[in-house]
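Here's the letter readout for the chains.
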Amino acid sequence: MKINENYLNLKESYLFATVNRKAREFQASHPDKKVIKLGIGDVTIPLCTAVTEAMHKAVDEMATKEHFHGYGPEQGYDFLKEAIQSYYAKRNTSLELDEIFISDGAKSDVGNILDIFAQDNVVLIPDPVYPVYVDTNVMAGREVKFMDANASNGFLAMPDPAVHADIIYLCSPNNPTGAVYNKEQLKAWVDYANANDAVILFDAAYEVFVADEAMPRSIFEIEGAKQCAIEFCSFSKTAGFTGTRCGYTVVPMDLVRGGESLNKLWLRRQTTKFNGVPYVVQRGAEAVFTEEGQKQIHEAIAYYKENAKIIAEALDELGIWYTGGINSPYIWLQCPNGMGSWEFFDFLLEQANVVGTPGAGFGNNGEGFFRLTAFGDRDNTKEAVERIKAALKK
Ligand code: MLT
């Protein structure tokens with residue numbers, strides 16, 4: 001028996017597990033202190049009533065012989081796929097129902113999608129980036145090339161015609177930096193991918209935060225994307241489903257590589273390894289797209305954006321450089337006084353009892369940067385910024 005030795009090439013623990021462990025240890029040794037967590041991007045506003053009412057109704061259905069649901073379709077119920085189809089249609093993107101696959105979240109699918117690609121593909125990943133993209137490729141023993149995202153390119157890496165890649169990861173609005181690609185920039189990526197016979201894995205988990213109507217929320221708003229892209233989205237950040245788990249992946253019918261339909265391969269993979277998202281959860285997700293649901297989730301998004309503004313104003317006052325927070329729930333800041341990312345993490349934890357996420361955990365270009373999330377509770381966010389100000393002014 002041999003283990004998958006690629007796992008030995010991973011960092012010892014997943015970034016957010018390390019952050020949580022450090023916060024837990026600090027709290028255990030300082031029981032009198034109230035630690036405020038602005039680290040992992042976990043939501044704090046409860047599910048909206050449109051969603052919970054739909055879920056309650058679905059639970060009641062599950063208690064009756066006529067409306068009970070056992071195994072559902074592995075790729076999701078049509079009622080939810082139709083709601084997603086209409087959502088895309090509002091932004092002039094037409095999708096076939098069979099192009100939409102309901103999942104238990106973007107994170108799982110971003111990792112699982114690698115099942116359908118050969119091991120020797122060259123993978124291109126921006127640095128800094130959501131660590132799941134890198135870790136899942138390292139687990140599979142794939143070669144990863146990094147592209148720099150830094151202050152000089154607005155944290156938006158662009159294609160380099162001299163570099164060939166087969167699989168490209170893009171995340172917009174970006175986690176961790178909050179940067180958003182405009183249509184011209186995404187078009188450049190789509191053209192590059194088509195020219196290289198590559199596939200773009202586009203993570204749109206934060207699309208609902210895009211405030212500017214002219215900015216793309218889906219890669220399929222770009223001409224040619226259906227021939228080269230797969231899109232991942234989630235209800236986690238959009239509608240508070242982090243604990244309820246539901247997302248979706250769009251694999252266009254036009255996406256063909258090596259003469260094979262990637263939609264067909266993904267369907268084969270999902271029908272074999274996945275038994276679908278619970279009926280009750282899918283009914284809740286469907287309610288997100290009703291008029292009431294949209295109104296309610298946008299109230300929550302506005303609340304988080306106000307938190308981002310509170311954090312941004314404090315950083316302005318402190319003279320700290322930052323980006324993000326406008327089209328994104330994340331504020332990406334430069335660590336003050338030349339501190340390293342983990343050094344600033346320890347400083348904030350010890351001096352302000354506030355937890356953030358060290359930029360270095362997202363890649364080499366993240367060193368010297370730090371991420372704060374706007375997903376916190378309002379009072380905690382206010383208290384956290386007061387504590388940060390006090391600690392830094394000392
Ligand atoms: C984050 O903090 O980056 C996210 O919560 C991670 C995730 O969505 O898995």
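This text follows the structure it describes.
As the structure is a prediction and not an experimental result, all values here were calculated from the model.

The subject of this paragraph is the packing of aromatic side chains. Within the structure shown, the criterion is met by 29 aromatic pairs. Centre to centre, the rings of Y14 and F16 are 5.8 Å apart; their planes meet at 65°, and the pair counts as edge-to-face. Residue class for F16 comes out buried when judged on its relative accessible area of 6%. Seen in terms of ring centroids, Y304 and F375 are 4.9 Å apart; in terms of plane orientation they differ by 80°. Their pairing is edge-to-face. Residue Y304 is located in helix 10 (residues 291-318), and its partner F375 is located in the loop between strand 15 (369-373) and helix 12 (378-393); the two are separated by 71 residues in the primary sequence. Each member of the pair, Y304 as well as F375, is classed as buried. Three or more aromatic residues joined by ring pairs form one cluster here, namely Y14, F16, F155, W321, W332, F362 and F369. The ring of Y330 is capped by R371, whose NZ or CZ atom sits 3.8 Å from the centre of that ring. The ring of Y303 is capped by R378, whose NZ or CZ atom sits 4.3 Å from the centre of that ring.

Here the focus is the packing of helix 1 (residues 15-29) against helix 11 (residues 341-352). Axis separation between helix 1 and helix 11 bottoms out at 11 Å; the angle between their running directions is 30°. The orientation of helix 1 with respect to helix 11, classified from their angle, is roughly parallel. Crossing handedness for the pair helix 1 and helix 11: right-handed. Together, L15, T18, V19, K22 and F26 of helix 1 and W342, F345, D346, L349 and E350 of helix 11 make up the contact between the two elements. Grouping the constituent residues of the contact of helix 1 with helix 11 by class yields six nonpolar, one polar and three charged.

What follows is about the site of the ligand. In the vicinity of the ligand, the residues found are F16, I40, G41, K107, Y130, N175, Y206, K237, Y330 and R371. Contacts to the ligand include G41, whose backbone N or O atom sits 2.6 Å from an oxygen atom. Here an oxygen atom of the ligand sits 2.5 Å away from a polar atom, N or O, in the side chain of Y130. Contact with the protein chains covers 84% of the free accessible surface of the ligand, which is 270 Å². Residue composition of the shell around the ligand, by class: five nonpolar, two polar and three charged.

Rules and cut-offs
- Residues numbered from 1 in each chain as written.
- Predicted model: local features only at pLDDT ≥ 70, side-chain atom pairs only at ≥ 80, totals over all residues.
- Heavy atoms only, no water.
- Phe/Tyr/Trp six-rings, centres within 6.5 Å; stacked < 30°, edge-to-face > 60°.
- Buried < 20%, exposed > 50% of the residue type's maximum accessible area, 1.4 Å probe, protein only.
- Helix = DSSP H or I, 4+ residues; strand = E, 2+ residues; numbered from the N terminus.
- Lys NZ or Arg CZ within 6 Å of the ring centre and 35° of its normal.
- Axes fitted to C-alpha atoms, helices over the stretch in contact; angles between N-to-C directions.
- Parallel < 35°, antiparallel > 145°, perpendicular 65-115°, else oblique.
- Left-handed = near helix turned anticlockwise from the far one by under 90°.
- Contact = heavy atoms within 4.5 Å.
- Nonpolar A, V, L, I, M, F, W, Y, C, P; charged D, E, K, R; others polar.
- Near = heavy atom within 4 Å.
- Polar contact = N/O pair within 3.5 Å; in protein donor to acceptor, adjacent residues only side chain to side chain.
- Areas by Shrake-Rupley, 256 points an atom, 1.4 Å probe, with all protein chains shown as cover.

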